Each structure stands twice: as structure tokens, then as C-alpha cells.
Amino acid sequence: LTYRVLPKDEPLKQIVELVKKREDESGIVYCSSRATTERVAEALAGRGYAAKPYHAGLDSAERARNQELFLRDEVKIVCATIAFGMGINKPNVRWVIHYD
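In short, a report on the structure. (Residues numbered from 1 in each chain as written. Predicted model: local features only at pLDDT ≥ 70, side-chain atom pairs only at ≥ 80, totals over all residues. Heavy atoms only, no water.)

1. Overview of the sheet that holds strand β2 (residues 51-54)
Rules: Two strands pair if DSSP finds at least two bridges between them. Helix and strand definitions here come from DSSP, where helices need a minimum of 4 consecutive H or I residues and strands a minimum of 2 consecutive E residues; each element is numbered from the N-terminal end. Axes here mean lines fitted to C-alpha atoms, for a helix over just the part in contact, with angles spanning 0 to 180 degrees between N-to-C directions. Residues are treated as being in contact if the distance between any of their heavy atoms lies within 4.5 Å.
The strand order β2-β3-β1-β4 describes an open sheet built from four strands, whose pairing is parallel. Two strands lie at the open edges of the sheet, namely β2 and β4 (93-98), each paired on one side alone. Strand-to-strand twist across the sheet, computed as the mean angle between neighbouring axes with direction ignored, equals 20 degrees. Across the sheet, helix α2 (residues 34-46) lies against β1 (26-30), β2 and β3 (77-80), angled at about 170 degrees from β2, the strand it touches most. Contacts from helix α3 (residues 60-71) reach β1, β2, β3 and β4 within the one sheet, and its direction differs from that of β2 by about 135 degrees.

2. So, the pattern of salt bridges
Here is the rule: Salt bridge, as used here, is a side-chain nitrogen of Lys or Arg placed within 4 Å of a carboxyl oxygen of Asp or Glu. Only protein chains enter the calculation, and the probe is 1.4 Å; a residue is then buried if its accessible area is under 20% of its type maximum, exposed if over 50%, and partly exposed in between.
If you walk through the whole model with that rule in mind, you get five salt bridges. Here arginine 72 ties to glutamate 74 by a salt bridge, and the two come within 2.8 Å at their closest N and O atoms. Among the residues examined, arginine 72 registers a relative accessible area of 46% and is labelled partly exposed. Using a relative accessible area of 46% as the deciding quantity, one classes glutamate 74 as partly exposed.

3. Structural notes on the layout of surface pockets
Operational definition: Only protein atoms enter the calculation, which uses a 1 Å grid: trapped sets of points that fit a 1.4 Å probe without letting it out are cavities, open sets showing protein on both sides within 12 Å along at least five of seven lines are pockets, and any residue with an atom within 4 Å of a point is a lining residue. Grid points are joined across faces, edges and corners, and a volume is the space filled by probe spheres set on the points. Gly is put with the polar residues, along with every residue not named as nonpolar or charged; the nonpolar set is Ala, Val, Leu, Ile, Met, Phe, Trp, Tyr, Cys and Pro, and the charged set is Asp, Glu, Lys and Arg.
Its volume calculated, the largest pocket comes out at about 1000 Å³. For the largest pocket, the lining is made up of 21 residues, of which Arg4, Leu6, Leu18, Val96 and Ile97 are closest to its centre. Here the lining of the largest pocket gets six residues from one element, more than from any other, and that element is helix α1 (residues 11-21). The residue makeup of the lining of the largest pocket, split by class, is 12 nonpolar, three polar and six charged.

4. Section: α1
Just so we agree on the cut-off: Read the arc as the range of directions from the helix axis to the C-beta atoms.
Pro11, Ile15, Val16 and Val19 are the residues of α1 that are buried. Projection of α1 onto a plane perpendicular to its axis shows the buried side chains occupying an angular sector of 140 degrees, all on one side. Among the exposed residues of α1, those pointing more than 90 degrees away from its buried face are Lys20 and Lys21. The secondary structure elements touched by the buried residues of α1 are β1, α2, β3 and β4.

5. Thoughts on the packing of aromatic side chains
We apply this condition: Between 30 and 60 degrees the pair is tilted, below 30 it is stacked and above 60 it is edge-to-face, where a pair is any two Phe, Tyr or Trp rings, Trp via its six-membered ring, whose centres lie within 6.5 Å. In this scheme, Lys NZ or Arg CZ marks a charge over a ring once it lies within 6 Å of the ring centre and within 35 degrees of the ring normal.
Across all of its chains, the model carries zero aromatic pairs by this definition. The lysine or arginine in question, lysine 8, covers the ring of tyrosine 99, its NZ or CZ lying 4.9 Å from the ring centre. Across from the ring centre of phenylalanine 70, 4.7 Å away, lies the NZ or CZ of lysine 90, which sits over that ring.

Rendered as C-alpha cells:
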């Protein structure tokens, strides 16, 4: 287990740098707001990464679909509010980033 604290400096760029080194690994980006989860997931998907948002503002079908895609490794990155992860049974999550 490695734990790092880095100054926040162009956080999207910092995420992309980490993901480039770990493209085959699953990870979670925790965000403080629903809007940020959407924005970060869109930005990562726009750069070619399999990323989806997860938050209480999504309709239950989309939320369940995004979670299932993540659990089946069809989506490698989930950008979520802090409620995500409670009860997630995914043994291959290899990194977690707190965006905010």
C-alpha cells in the first residue's frame, strides 16, 4: 500500500499522468460534487479513457449500469462522489484519487 499527498496543480493533468502509467488498472476518482464527477469523467473519456460518473443525481438505471460496467472491467475509471465504494466488491481497484 502506497499513500501519497501531492499539491493540487492542474488536477486533470495529474490524473492523466497517473492513468497513462496504469492504463490496464481500475481506479476511482472521488469528487466533492456531482458536477465535478460529470466534468472529470467527460474529460477522461474525451482523452480515450473508459470513464463514467457515479453520483446520486443520476437516474437509478444509469447509476446501476455505470457501476456494473466498472465491476465487469468494461470501464476502468469511475468518477464518483464519496458515497461510491460503500459495499463495492471489486478486488482489483489499484488506485484512488481524491480530486477535491
